[in-house]
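# Structural features, examined
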Amino acid sequence: MTLSAKPKTFTSYQAFVIAVLAILQFTIVLDFMVLSPLGVLLLEKLKINTSQFGLVVSAYAFSAGVSGLLAAGFADKFDRKKLLMFFYTGFIIGTFLCGIAPDYYFLLIARIVTGLFGGVVGAVSFAIITDLFKLEVRGRVMGYVQTAFAASQVLGIPIGLLLANHFGWHAPFLMITALGVLLGIVIAVYIKPVTAHLQIRSERNAFSHLFKTVASPRHQLAFAATTLLATGGFMLMPFASAFTTHNLGITLNQLTWLYGITGVFSMIFGPLAGRLSDRFGKFNVFVAGTLITMTMVAIYTNLGTTPFALVAVINVLMFLGVSTRMISASALTTAVPAPQDRGAFMSINASVQQISGGIGAAVAGLIVVQTSSGALEHYNYLGDVVIGAMIITIIMMRLVNNMVSSSAGKKQTEKTVDLPAEV
């Protein structure tokens, strides 16, 4: 008597798509996240203050938000692969401009260009994921794709810092540009068209489609939850490197190790968080991740000079909480839109996330003050704001979860609305 082989969760092509989207997300995330550790260098090299640096960070977010709204009406009208290639090409061009920026104002404009294209890439990627994978395994998929955040810490940020320390702050952006060009070729050659959503005919024009997507109460609830999710998340990040070095007494060399250590643990735990969200419920895992994050934020933002080992432990736990809540929230949110609205919904949701994050970064730049010694004051105030936002976000995500569960109950199973996997 022979045992039947356990069916594979993903086909070989689906596994390839996950890998490509994870690497793509890696370049997008790294382009944004590398600004945080570079902050301590940019403040000095460009002779700018914290408010100006906050604007550099938020400029990307605001432009990404605007482009996402403009693209939303057209997002379900075209092959998702073609949309992905168009916006990713623009992102690569914008990143290259950052890599040759001679001064603050050129960099500011380059970040706007990068955001105009980069902000839509993530939305198109998530739409592709939603088209190709059922809700029951999306937590797992998001877990793999979201390891991009961890990988950017393990590989991207340490390498970026190393290049910045030896060749100047432009080097990390040129590195991302080179990787992006190679990945763009792979996508163009090997990724198949994603067009199943086009089989669902819609007579709406682009503007009508945008309006209907925004006006849906179901969608508005998810957008509101995303707003709070992003606002809290973006506030601490821009000044984390400056706070860690000047307030906690961590050296630039130790900072590289800190990001690397944190990233290794995040890479290990990311896929596990996705599996847990599929098994125990996406909302339940989101709450657990949020509680861990809140606790660590409260401790971290009130620290003074601290031994490296303790900073590393706190940082690891904080980022594990952050990645857990982002993976579970992303997986849950994908269940909100109908198939014919996925592209528009994801674009608008990404816009809301970017704009909210931009506001958070800009406000953080106004709250935090850098003293003559380089130390930051009022960073603990940011921690209080972030914790408050997280508490409210739990309530909002609870409502989203109830809405998704109610819809699933009416339809009995999401199989009736899932598009066929294009494999």
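Residues numbered from 1 in each chain as written. Predicted model: local features only at pLDDT ≥ 70, side-chain atom pairs only at ≥ 80, totals over all residues. Heavy atoms only, no water.

The next point concerns the overall build of the protein chain. Within the protein chain one finds 16 helices and 2 strands. Relative to its full complement of 423 residues, the protein chain shows a buried share of 58%. Partitioning the contacts of the protein chain with sequence separation of at least 6, the portion at a separation of at least 24 is 86%. Total accessible area on the protein chain stands at roughly 17400 Å², and carbon and sulfur atoms take up 69% of it. (Helix = DSSP H or I, 4+ residues; strand = E, 2+ residues; numbered from the N terminus. Buried < 20%, exposed > 50% of the residue type's maximum accessible area, 1.4 Å probe, protein only. Contact = heavy atoms within 4.5 Å. Areas by Shrake-Rupley, 256 points an atom, 1.4 Å probe, with all protein chains shown as cover.)

This model, assessed by the stated rule, comprises 4 salt bridges. When the shortest N-O distance is used, the salt bridge between R111 and D31 registers 3.0 Å. Note that R111 is positioned in helix α5 (residues 104-132) and D31 in helix α1 (residues 12-33), a separation of 80 residues in sequence. On the basis of relative accessible area, D31 is assigned to the buried category, the value being 0%. Close ionic contact of D131 with R80 constitutes a salt bridge, the shortest N to O distance being 2.7 Å. With a gap of 51 residues between them, D131 in helix α5 and R80 in helix α4 (residues 80-99) connect regions that are remote in the sequence. Taking relative accessible area as the criterion, D131 reaches 2% and is therefore assigned buried. Bridged by salt links that share partners, the residues R140, D278 and K282 form one connected network. (Salt bridge = Lys/Arg side-chain N within 4 Å of Asp/Glu carboxyl O.)

Its place among the elements puts T306 in the loop between α13 (282-300) and α14 (308-333). Taking the C-alpha atoms as reference, T306 lies 6.6 Å from G249; in sequence the two are 57 residues apart. For T306, the contacting residues outside a window of four places in its chain are L248, I250 and V311. Among the polar contacts listed, one links the side chain of T306 to the backbone oxygen of G304, at a separation of 2.6 Å. (Polar contact = N/O pair within 3.5 Å; in protein donor to acceptor, adjacent residues only side chain to side chain.)

Helix α12 (residues 252-280) packs onto helix α11 (residues 240-247) with a crossing angle of 130° between their chain directions and a minimal axis gap of 10 Å. As judged from the angle between their axes, α11 and α12 are oblique. Handedness of the crossing formed by α11 with α12: right-handed. Here A240, S241, T244 and T245 of α11 lie close against α12, whose contacting residues are L252, L255, L258 and Y259. Of the residues assigned to the contact of α11 with α12, the class counts are 5 nonpolar, 3 polar and no charged. (Axes fitted to C-alpha atoms, helices over the stretch in contact; angles between N-to-C directions. Parallel < 35°, antiparallel > 145°, perpendicular 65-115°, else oblique. Left-handed = near helix turned anticlockwise from the far one by under 90°. Nonpolar A, V, L, I, M, F, W, Y, C, P; charged D, E, K, R; others polar.)

All right, on to unusual backbone geometry then. Notably, K47 is not glycine yet its phi reads approximately 55°, a positive angle. In this structure K47 comes out as exposed when scored by relative accessible area, which is 71%. Located in the positive-phi region is H378, a residue other than glycine, with phi close to 70°. Looking at where H378 falls in the secondary structure, it is placed in the loop between β2 (376-377) and α16 (379-411). Assessed through its relative accessible area of 31%, H378 is described here as partly exposed.

Applying the stated criterion across every chain yields a total of 13 aromatic pairs. Arranged with centres 6.4 Å apart and planes meeting at 40°, the rings of Y13 and F16 form a pair that is tilted. Placement of both Y13 and F16 in helix α1 is noted, with a separation of 3 residues, approximately one turn of the helix. Ring plane angle 25° and centroid distance 5.2 Å describe the contact between F223 and F345, whose orientation is recorded as stacked. One end of the pair, F223, is in helix α10 (residues 217-236); the other, F345, is in helix α15 (residues 342-367), with 122 residues separating them in the sequence. F223 gets classed as buried once you look at its relative accessible area, which sits at 8%. (Phe/Tyr/Trp six-rings, centres within 6.5 Å; stacked < 30°, edge-to-face > 60°.)

Let us look at helix α6 (residues 135-145). When you tally the buried positions in α6, you get 9 out of 11 residues, the bulk of the element. All buried positions along α6 are accounted for by L135, V137, R138, G139, R140, V141, M142, G143 and V145.

With that settled, the discussion passes to α4. Here α4 contains 20 residues, and its C-alpha end-to-end distance of 28 Å stays within 8% of the 28 Å for a straight helix at 1.5 Å per residue. Between a side-chain oxygen at the N-terminus of α4 and the backbone nitrogen of K81 the separation is 2.9 Å; the capping residue is D79. (Expected span 1.5 Å × (residues − 1).)

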